[in-house]
Amino acid sequence: MKRCPKVVDVARRRFLTGAGYAAAGTVAVRLTLERSDAATGAARLLYPSHRLASLQDLRLNEPFEVSYPDNDAPGVLIKLGAPVKGGVGPDSDVVGFSTLCPHQGMPLAYRAADHTLSCPEHYSRFDCDAGGQQIWGHATQNLPQYVLRIDDAGNIFAEGIDELLYGRLSNVL
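All of these numbers come straight from a predicted model, not from anything done at the bench. (Residues numbered from 1 in each chain as written. Predicted model: local features only at pLDDT ≥ 70, side-chain atom pairs only at ≥ 80, totals over all residues. Heavy atoms only, no water.)

Student: Help me out: how do you make sense of the overall build of the chain in this one?
Tutor: Within the chain, the regular secondary structure consists of 1 helix and 10 strands. For the chain, the α and β elements follow one another from N to C terminus as α-β-β-β-β-β-β-β-β-β-β. The burial tally for the chain puts 34% of its 173 residues in the buried class. Intrachain contacts of the chain at a sequence separation of at least 6 include 41% that bridge at least 24 residues. In the form shown here, the chain has an accessible surface area of approximately 11000 Å², with 55% of it arising from carbon and sulfur atoms. (Helix = DSSP H or I, 4+ residues; strand = E, 2+ residues; numbered from the N terminus. Buried < 20%, exposed > 50% of the residue type's maximum accessible area, 1.4 Å probe, protein only. Contact = heavy atoms within 4.5 Å. Areas by Shrake-Rupley, 256 points an atom, 1.4 Å probe, with all protein chains shown as cover.)

Student: Where do I start with the sheet that holds strand β2 (residues 64-67) in this structure?
Tutor: The strands that make up a sheet pair up through hydrogen bonds in the backbone, lying either parallel or antiparallel. Strand order in the open sheet made by the 3 strands is β2-β3-β4, with antiparallel pairing throughout. Edge positions in the sheet fall to β2 and β4 (94-98), since each of these pairs with one other strand and no more. Here the strands of the sheet are splayed against their neighbours by 30° on average, with no regard to which way each runs. Relative to strand β3 (residues 74-79), β2 runs antiparallel, the two sharing 4 bridges. Bridged to Val66 within β3 is Gly75. (Pairing = 2+ DSSP bridges. Axes fitted to C-alpha atoms, helices over the stretch in contact; angles between N-to-C directions.)

Student: Just to check I follow, could you spell out the confidence of the model for the chain for this structure?
Tutor: With 77% of its residues at a pLDDT of 70 or more, the chain shows a mean pLDDT of 84. This model gives residues 31-44 a pLDDT under 50, and the stretch forms 8 contacts once residues within four places in sequence are excluded. (pLDDT = per-residue confidence, 0-100.)

Shown next as structure tokens:
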């Protein structure tokens, strides 16, 4: 029987050795990611820390406009008045979100009556009390929420984002 010259004959031992290296590499990458944010149990990339505002700048249930991780990424900080998922500050009620709809990048508007950010284009709505969870509309992901930290002087810093910003391959600069 004549063999095709393009067929590569790989011995079983060589195949298993290669598979072992691939498995070991996968485990090493997974362990590296798991150690990157052991406190929250989630892997996340390192983001630039950036001061957004002070606690004194915020008013109850009024959006405070910010930009993060750069000037082309509009967002808001909101003091909601009750402890919420991802909230920081003395009352765990300060949250921050991107204000670009993850569906098609339209600017979102805050509705104080129900603590939602709403898209005027296709009517997606996001619940600020539930960490930016989508509750209606065409979007296919939740609203990107800032990972916030407050220092002893009351300065609010953003140190990451939990979802990908609209129109970007990476949130990191």
